[in-house]
Amino acid sequence: MANPVKTEEYNDRFDEFLEQVKKNSYYDSEKIEKAYNIARDAHKDQRRRSGEPYIMHPVAVARILFEIGMDNECIIAALLHDVVEDTSCSLDDIRRDFGDEVALLVDGVTKLTQVSLATREEVQAENIRKMFIAMNQDVRVVIIKLADRLHNMRTLEHMPPHKQREKSLETLEIYAPIAHRLGIRAFKEELEDLAVLYLDPVAYHEIEKSITMKRNEGEEFLEDIKTQLREKLTPLMKNVKITSRVKSVHGIFRKVYIKGKTFDEIYDIYAVRIIVDTMIDCYNALGIVHDMFQPLPGRFKDYISMPKPNMYQSLHTTVLYKGVPFEIQIRTKDMHKTAEYGIAAHWKYKLGKGGTDKLDESLKWINSLIENENSDDKSEIIANIKGDLSIDEIYVFTPRGDVKCLPRGATVIDFAYAIHSAVGNRMTGAKVDGRIVPLDTTLKTGQIVEILTSNQQGKGPSRDWLSIVKTSEARSKIRSWFKKERRDENIAEGRAIVEHEFRKNYIRLSEDDYNNFLQKLAERQRLNHIEDFYAAIGYGGINLTRLMPSIKDEYNRTYKDTKEDKPNIKIANDSGKSSGGVIVEGIDNCLINMGRCCNPLPGEPIIGFITRGHGLTIHRRDCKNVPYDVENSPEPERWVMARWDANIKVEARSTLNIYAIDREGVVMDITSALAGAHVKIHAINAREINDGNCLTTITLAVNGKEHLDSIIKMLGKIQGVYLIERTEL
């Protein structure tokens, strides 16, 4: 990596870049120089962590974009992309000096700095959503952002270790997949390799060492192959170009460390690329290659007749030579340009095209991604974007031969909604390769899928499908159907969910306070009425479980601590003897049962209910089965005051639901923490739930409310645990 640049040197660096720009008549060097001068003055007192002047960063980003052939506006916006965010220069200033187009690009790249958000995850979600909205207006926004991220990754060594890991993970999950979708291979591979370097440096250096060895070992091997190919192809075709490469670090990392393969099981470590003039030459060259070398069965892919969604076209075949497998890629010059630079090679602004063309078709996924992100859950937005940007793709066929590209793991329901929302909504079943299959069947590349539908009125998707589907497109369309077709049902479903969650979290309010509280929650979700809030929960647009921690905090701040009108909460006096650790007013030696509906613990306010023939049942005062106003309840005489006997230690049982991100060892971490704290476990059950999460239900022995609170606090520190709640029958 480059050494820090001294202040007096950075003008020379830009002048060198400007000389390159001037050699191409397409660029307006005067405007580019003007943008540089504005950026230099705006950033004059700023330096990067490396110590070099900050202006070197925008210049480096502009140079990266120039190298892939982006246009004037892109280069100018790259030079100015940080001035609005980091300096006193405003968007109106940029619009005045360079026009609306450049202002749009700069605004799209600028992060949200003025929005007050609670967590880093919310900030990330909103910044990514803003980027995609701007990207839908002008895809150059994200190309600038990719170049910006690429230079930041090249200089990441100057950041603290936790920032290196954070940026690298985001690069691997968001930015590299975007570069893949846009077909910019040069960006994608370098971003991935740099991310692996900081996420797993040991693996990176091991792979790099192996690649160097393979490159040295294979140099003579590859030259021999290229010589033989030239001898066969040159007499038959003009302008044949033959090159070779060794697979990227990240490409090998995925197969060795993620998919568990050995180095010898990777067939495309070596690759030879044949570039010819025409498509016919591609297929002729393929025939010659298969005559020269032994092809491996099942290792041929025709991306010319069936291009990838990012416009990539090429023939891929794996063959054997001297017992060593290697890949051969065959494509035309135009295909090669697209394979290397993707969307930058087809830039319609640069080419002066208008209307709909292949470029517009290839960018439909951006609009689809935005339309599908109708969730108010920040973590769900990020998860959906990661899923939709997955580099692992499958290609599935309709019975008529149309191809649908889906992320790996997609089901037949995802396929149905990829065809059309009406097909998914009327779906009753599916056939894969002619056989009836369950709706949760995971699809594989090459399968032929037929969707069975019904014209029956009232037929529609099931709510269970929301936990089955992989794509946000399918999830969004299912929710839209429930939103439009089942409003009354959604409201009833949402009201039931709210009441259940409020009971489970001990939220008790009078009718007026309840309505006011819900109205505030609805407005926070940008909804006008409580019924809209219920409906959104009912059709799945709002995940109330994930919102409950913040709702509970709001309730505690607003109502619980200030509530003085707790009705009829009397404390049992000292009359009566302790029975089972509980003193009941006016009653001695009574059979005491603990309410299974609320599992009261020592330290919590309690009340007793006389059950005919079964003694007395003790409930928490805020239990759902205890009337808010006991004196005006149907049978007030059966409710008696009770309290815990402080002189007797009582062991009680309490059951917790522990929600966590699903990972290897999470249950072991939970049990180890409890064992370390000498907490007795009576029962435990763990299972996977939707969206990569897991639920562990555990019944513990505790000696009171304070003991349970300390256990919950301890478990909440375990990696991946995001919600712990007491269960209530």
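Residues numbered from 1 in each chain as written. Predicted model: local features only at pLDDT ≥ 70, side-chain atom pairs only at ≥ 80, totals over all residues. Heavy atoms only, no water.

1. Quick word on the overall build of the protein
Counted only if it meets this: Helix and strand assignments follow DSSP, with helices taken as H or I runs no shorter than four residues and strands as E runs no shorter than two, numbered in order from the N terminus. Each residue is assigned to one of three classes by its accessible area relative to the maximum for its type, calculated with a 1.4 Å probe on protein chains only: buried under 20%, partly exposed between the two thresholds, exposed over 50%. Where accessible areas are quoted, they stem from the Shrake-Rupley method and a 1.4 Å probe; at the residue level, only the protein chains shown are allowed to cover.
Counting secondary structure elements, the protein contains 28 helices and 21 strands. The buried share of the protein, reckoned over its 729 residues, is 49%. By element, 47% of the accessible surface of the protein is carried by carbon and sulfur atoms, the whole surface being about 35800 Å².

2. Quick look at the pairing of strand β9 (residues 427–432)
Rules: When DSSP finds at least two bridges between two strands, those strands are taken to pair.
The pairing of β9 with strand β11 (residues 449–453) spans five bridges and is classified as antiparallel. Across the sheet, the residue bridging to glycine 429 is leucine 452, located in β11. With three bridges connecting them, β9 and strand β10 (residues 435–437) associate as antiparallel partners. By the bridge assignment for β10, lysine 431 is matched with isoleucine 436. Counting the residues between successive antiparallel strands, the hairpin from β9 to β10 contains two residues, one of them, aspartate 433, with a positive phi of roughly 50 degrees.

3. Quick notes on the pattern of salt bridges
What counts here: By definition, a salt bridge exists where a carboxyl oxygen of Asp or Glu is found within 4 Å of a side-chain nitrogen of Lys or Arg.
Inspection of the entire model under this criterion finds 26 salt bridges. Taking the shortest distance from any N to any O, the salt bridge between arginine 40 and aspartate 41 comes out at 3.5 Å. By relative accessible area, arginine 40 is classed as partly exposed at 22%. In this structure, glutamate 192 engages lysine 188 in a salt bridge whose closest nitrogen and oxygen atoms are separated by 3.2 Å. Placement of the pair is glutamate 192 and lysine 188 together in helix α11 (residues 185–199), with a separation of four residues, close to one helical turn. Using a relative accessible area of 3% as the deciding quantity, one classes glutamate 192 as buried. Ionic contacts of the salt-bridge type, sharing partners, join the residues Asp71, Glu73, Glu101 and Arg140 into one network.

4. Things to note about the confidence of the model for the protein
We count it as follows: pLDDT: the predictor's confidence for each residue, scored from 0 to 100. The contact definition used throughout considers only heavy atoms, calling two residues in contact when any of these lie within 4.5 Å.
Here the protein averages 79 in pLDDT, and 82% of its residues register 70 or above. Within the protein, helix α16 (residues 348–351) has the poorest average pLDDT of any element, 42, and helix α14 (residues 279–292) the best, 94. In this model residues 1–7 is a low-confidence stretch, pLDDT under 50, and it forms 15 contacts with partners more than four residues away in sequence or in other chains.

5. Description of the sheet that holds strand β19 (residues 681–689)
Rule in force here: In this description, a line fitted to the C-alpha atoms serves as the axis of each element, helices being fitted only across the stretch in contact, and the angle between N-to-C directions of two axes falls anywhere from 0 to 180 degrees.
With antiparallel pairing, the four strands of this open sheet are ordered in space as β19-β20-β18-β21. Either end of the sheet is taken by a strand with one partner, and the two such strands are β19 and β21 (721–726). For this sheet the average axis-to-axis angle between neighbouring strands, irrespective of direction, equals 20 degrees. Alignment of strand β18 (residues 652–661) against β21, held across five bridges, turns out to be antiparallel. Following the sheet pairing, isoleucine 658 is matched in β21 by isoleucine 724.

6. As for the packing of aromatic side chains
To keep things clear, this is the line we draw: For Phe, Tyr and Trp, rings pair up if their centres lie within 6.5 Å, where Trp contributes its six-membered ring, and each pair is then called stacked (planes under 30 degrees apart), edge-to-face (over 60) or tilted (otherwise). Note on geometry: a ring has a charge over it if NZ (lysine) or CZ (arginine) is within 6 Å of the ring centre and within 35 degrees of the ring normal.
For the structure shown, the criterion picks out 14 aromatic pairs. Ring plane angle 50 degrees and centroid distance 4.6 Å describe the contact between phenylalanine 609 and tryptophan 639, whose orientation is recorded as tilted. Remark: tryptophan 639 occurs in strand β17 (residues 639–644) and phenylalanine 609 occurs in strand β15 (residues 606–611); sequence separation between them is 30 residues. Neither phenylalanine 609 nor tryptophan 639 differs from the other in exposure class; each is buried. Three or more aromatic residues joined by ring pairs make a cluster, and in this case those are Phe14, Phe17, Tyr26, Tyr27, Tyr36 and Phe66. Directly above the ring of phenylalanine 98 sits lysine 34, whose terminal nitrogen or CZ lies 5.4 Å from the centroid.

7. Quick look at the sheet that holds β9
In spatial order, the strands read β10-β9-β11; together these three strands make up an open sheet with antiparallel pairing. Each edge of the open sheet carries a strand with a single partner, namely β10 and β11. Direction aside, the axes of adjacent strands within the sheet are offset by 35 degrees on average. The sheet strands contacting helix α20 (residues 412–419) are β9, β10 and β11, and the helix crosses β11 at an angle near 80 degrees.

8. Here's the deal with unusual backbone geometry
When glycine is set aside, most residues are seen to have a negative phi, and most peptide bonds are trans. At lysine 322, a residue that is not glycine, the phi angle is positive and equals roughly 55 degrees. One non-glycine residue, asparagine 599, adopts positive backbone phi at about 45 degrees. On the secondary structure map, asparagine 599 appears in the loop between β14 (592–594) and β15.

9. Side note on a negative patch on the surface
Worth spelling out the cut-off: Like charges are joined within 9 Å and nonpolar side chains (Val, Leu, Ile, Met, Phe, Trp, Tyr) within 5 Å, but only among residues with over 30% relative accessible area and no salt bridge; these make up the patches. We count Lys and Arg on the positive side and Asp and Glu on the negative side, and we leave His and both chain ends out. To locate a charge, take NZ of a lysine, CZ of an arginine, CG of an aspartate or CD of a glutamate.
Residues Asp15, Glu19, Asp28, Glu30 and Glu33 make up a contiguous surface patch of negative charge. Of all elements in the fold, only α1 (10–22) and α2 (29–42) reach the threshold of two or more residues within the negative patch. With respect to the helices and strands, the residue glutamate 30 is situated in helix α2. Judged by its relative accessible area of 64%, glutamate 30 falls in the exposed class.

10. Some thoughts on the side chain of histidine 316
As a reminder, the rule being used: Side-chain atoms alone can form a polar contact between residues adjacent in sequence; in general such a contact is a pair of N or O atoms within 3.5 Å, and within protein one must be able to donate a hydrogen while the other accepts it.
Along the chain, histidine 316 falls in strand β5 (residues 315–321). Side-chain polar atoms of histidine 316 contact the side chain of tyrosine 312, separated by 2.6 Å. With residues near it in sequence (within four places) discarded, histidine 316 still touches Arg299, Phe300, Lys301, Tyr303, Glu327, Ile328 and Gln329.

11. What about the packing of helix α10 (residues 161–181) against α11?
Quick note on the threshold: For classification purposes, angles smaller than 35 degrees are called roughly parallel, those larger than 145 roughly antiparallel, those between 65 and 115 roughly perpendicular, and all remaining angles oblique. Should the near helix be turned anticlockwise from the far one by less than a right angle, the crossing is left-handed, and should it be turned clockwise, the crossing is right-handed.
Put simply, α10 and α11 touch, their axes get as near as 9 Å, and they point 160 degrees apart. Relative to α11, the element α10 is oriented roughly antiparallel. For the crossing formed where α10 meets α11, the hand is left-handed. Listed contacts from α11 to Gln164, Arg165, Ser168, Leu169, Thr171, Leu172, Tyr175, Ala176, Ala179 and His180 of α10 are Phe187, Lys188, Leu191, Glu192, Leu194, Ala195, Tyr198 and Leu199.

12. Let's talk about the nonpolar core
Note that soluble globular proteins tend to have their nonpolar side chains buried in a common cluster. Stated formally: Nonpolar core, defined: a set of buried Ala, Val, Leu, Ile, Met, Phe, Trp, Tyr and Cys residues in which side-chain atoms within 4.5 Å join the residues together.
In this structure, Leu65, Leu80, Leu229, Phe326 and Ile328 are the most contacted members of the largest nonpolar core, which totals 96 residues. Every residue in contact with isoleucine 328, bar those within four places of it in the chain, is listed here: Leu229, Val272, Ile274, Val289, Phe293, Leu315, His316, Thr317 and Val319.

13. Some details on α10
So the rule is basically this: Under the convention used throughout, the expected extent of a helix is 1.5 Å for every residue step, that is, one less than its residue count. Values of bend correspond, residue by residue, to the angle between axes fitted over the seven residues ending at that residue and the seven starting there.
Across its 21 residues, α10 extends 29 Å between first and last C-alpha, which sits within 8% of the 30 Å expected from 1.5 Å per residue. At threonine 171, α10 is bent by approximately 45 degrees, the largest bend along its length. Restricting attention to buried positions, one finds in α10 the residues Gln164, Ser168, Glu170, Thr171, Ile174, Tyr175, Ala176, Pro177, Ile178, Ala179, His180 and Arg181. Immediately downstream of α10, the backbone of glycine 183 shows phi near 80 degrees, a positive value.

14. Looking at the environment of isoleucine 712
For isoleucine 712, the location among the structural elements is in helix α28 (residues 705–715). Look at isoleucine 712 and you get partly exposed, because its relative accessible area is 24%. Residues isoleucine 712 and leucine 723, eleven residues apart in the sequence, show an inter-C-alpha distance of 9.7 Å. Contacts of isoleucine 712, omitting those with residues within four sequence positions, involve Leu656 and Ile724.

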